[in-house]
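# Summary of the model geometry
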Amino acid sequence: MKYDSRMKINMTEKNSVEKTWKAYLNKIEPADRTAMELAKKRWNSVAKPIGSLGILEEDIIRIAGIRGNASGMKLDRSALAVMCADHGVVAEGVSQTGKDVTRIVAENFTKGETSTSKMCRISGTDLYPVDMGMDCEPTGQKEPDMHRILDRKVARGSGNIARKSAMSRTECLRALLSGMDLAFRLKEMGYEILAAGEMGIGNTTPAAAMSAVLTGLPPEEATGRGAGLSDAGLEKKKKAVEMAVSRFYGKYPEYRNGTKEQYERGELSAVTVLAELGGFDLAGMTGLFLGGAAAKIPVLMDGFLSTVSDTLCPHNKVFHDLFYIPVRLRLHNNRLASTKSRHIKVKHVCGLHICYFTKDIHKLRQIRKLIESAFKTETASLYSKLQCCCHFTKVR
């Protein structure tokens, strides 16, 4: 099936990028409440105690709202898009390794040699590494291929956010549009549920900086150890985040103590936060979430990085009524998690601490068997798709 809603983007012309961005956003509609009610009635007609499957029932109801249809629910084909990019802030000593590791891991995805790749094979999920902004010459191809890196490169790495903007507004919109377009492309290829992942050495630093601005947390409280920084490394990271946030507030004082309602009304811009403090991988994931909403395909969110990317979406004034995320697995920082939950308003279904996750895969299989026996529909495959979101530094 072809989807005419994909748009041709002239990435070299600023006006074209702005126009296409607005056109894509205009495609986002609130969840279909009628479909959600029908899905709820279907659950309640099953021979089981009402509401006994908990959040799973809510997730399936939400997916019906996303799709705009409660019948013929199928989630057989799933894809994980791993957005890859480098970050200039690595120069501040915020990571354990150099940025060259980003490309090494991205290439390993194409060979099936990462833990993420193995988990995707177990769940039957296709994995697509995407070069959003790695600091290297373009090496991939323009159309999705599981055995090749997908070339959506905007630039060779983002700026050092502690000292300057991560990217220009136009570059940010190009990255967002690439993620949105990919959601449509994957749906066109027959996928029924997507997941977002990332690979970018140092990317928890811009994520922490954006979290501090969007949630109002002090920079030091929004900053964690990432992939396991030492005490000295953590102090460097906290300093870099504080420098980035201070620089941002110095340039945009009106964003200090900004509220979600101000973003929704258009008084503040989530794109500005992303362009100043983000990265091309984070922008690509944000675009994938927005594209999923526009294309009416569910996108799974998991972990700190994708949660930060997702947090930008409800801050968009056209997006606040669309509950589009079916599953949220877990966050690194409990204080940050509780703060973000107030912004996103979506419950997370599992807190599995997936850095040490492999032994829990059998539990997800048991859950799926329970659903299959209780509901007797294809919706049971949702929980097998949870396995495709295990993209974390410690298990690569």
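All of these numbers come straight from a predicted model, not from anything done at the bench.

It is worth spelling out the overall build of the protein at this point. The number of helices and strands found in the protein is 15 helices and five strands. Relative to its full complement of 396 residues, the protein shows a buried share of 59%. Partitioning the contacts of the protein with sequence separation of at least 6, the portion at a separation of at least 24 is 74%. Taken as a whole, the protein presents about 15,900 Å² of accessible surface, with 50% of it coming from carbon and sulfur.

In total, this model carries 20 salt bridges according to the counting rule given. Here Asp59 ties to Arg62 by a salt bridge, and the two come within 3.4 Å at their closest N and O atoms. Highlighted residues: Asp59 and Arg62, both in helix H3 (residues 55–67), separated by three residues, approximately one helical turn. Side by side, Asp59 and Arg62 carry an identical accessibility label, which is buried. In this structure, Lys142 engages Asp151 in a salt bridge whose closest nitrogen and oxygen atoms are separated by 3.0 Å.

Here the focus is the state of the cysteines. Here a disulfide denotes one covalent bond, and it connects the sulfur atoms of two cysteines. If you walk through the whole model with that rule in mind, you get zero disulfides. Cys136 supplies the cysteine sulfur nearest to Cys84, a cysteine that is in no disulfide, at a spacing of 9.7 Å. Relative accessible area serves as the criterion here: at 1%, Cys84 is assigned to the buried category.

What follows is about the pairing of strand E4 (residues 193–199). Working note: regular strand, side chains alternate between the two faces of the sheet. Of all seven residues in E4, seven are buried, a share of seventy percent or more. Here E4 shows two buried faces, one formed by Ile193, Ala195, Gly197 and Met199 and the other by Leu194, Ala196 and Glu198. Two elements, strand E1 (residues 78–85) and E4, share seven bridges in a ladder whose sense is parallel. Counted as the bridge partner of Cys84 is Met199 from E4. Strand direction decides the pairing type here: E4 and strand E5 (residues 299–300), joined by two bridges, are parallel. When the sheet's bridge partners are listed, Ala195 is paired in E5 with Leu300.

So, about the confidence of the model for the protein. Per-residue confidence for the protein gives a mean pLDDT of 79, with 75% of residues at or over 70. pLDDT under 50 marks residues 337–344. Its contacts with residues more than four places away, or in other chains, come to 21 contacts.

Turning our attention to empty space enclosed by the protein. This structure, assessed with the given rule, holds two cavities of 30 Å³ or more. Empty space within the largest cavity amounts to approximately 80 Å³. Residue lining of the largest cavity: 10 residues in total, with Ala270, Val271, Thr286, Leu290 and Leu312 positioned closest to the centre. Every element with two or more residues in the lining of the largest cavity is listed here: helix H11 (270–277) and helix H12 (280–295). The dominant element in the lining of the largest cavity, judged by the number of residues it contributes, is H11, at three residues. Of the residues in the lining of the largest cavity, the class split is eight nonpolar, two polar and no charged.

The buried fraction of strand E2 (residues 125–133) amounts to nine of the nine residues, a majority that puts the element mostly inside the structure. Relative to E2, E1 runs parallel, the two sharing eight bridges. Residue pairing for E2: Cys84 is matched across the bridge by Asp131.

Scoring rules and cut-offs
Residues numbered from 1 in each chain as written. Predicted model: local features only at pLDDT ≥ 70, side-chain atom pairs only at ≥ 80, totals over all residues. Heavy atoms only, no water. Helix = DSSP H or I, 4+ residues; strand = E, 2+ residues; numbered from the N terminus. Buried < 20%, exposed > 50% of the residue type's maximum accessible area, 1.4 Å probe, protein only. Contact = heavy atoms within 4.5 Å. Areas by Shrake-Rupley, 256 points an atom, 1.4 Å probe, with all protein chains shown as cover. Salt bridge = Lys/Arg side-chain N within 4 Å of Asp/Glu carboxyl O. Disulfide = S-S within 2.5 Å. Pairing = 2+ DSSP bridges. pLDDT = per-residue confidence, 0-100. 1 Å grid on protein atoms, 1.4 Å probe; cavity = no way out; pocket = protein on both sides within 12 Å on 5 of 7 lines; lining within 4 Å. Points joined across faces, edges and corners; volume = space filled by probe spheres on them. Nonpolar A, V, L, I, M, F, W, Y, C, P; charged D, E, K, R; others polar.

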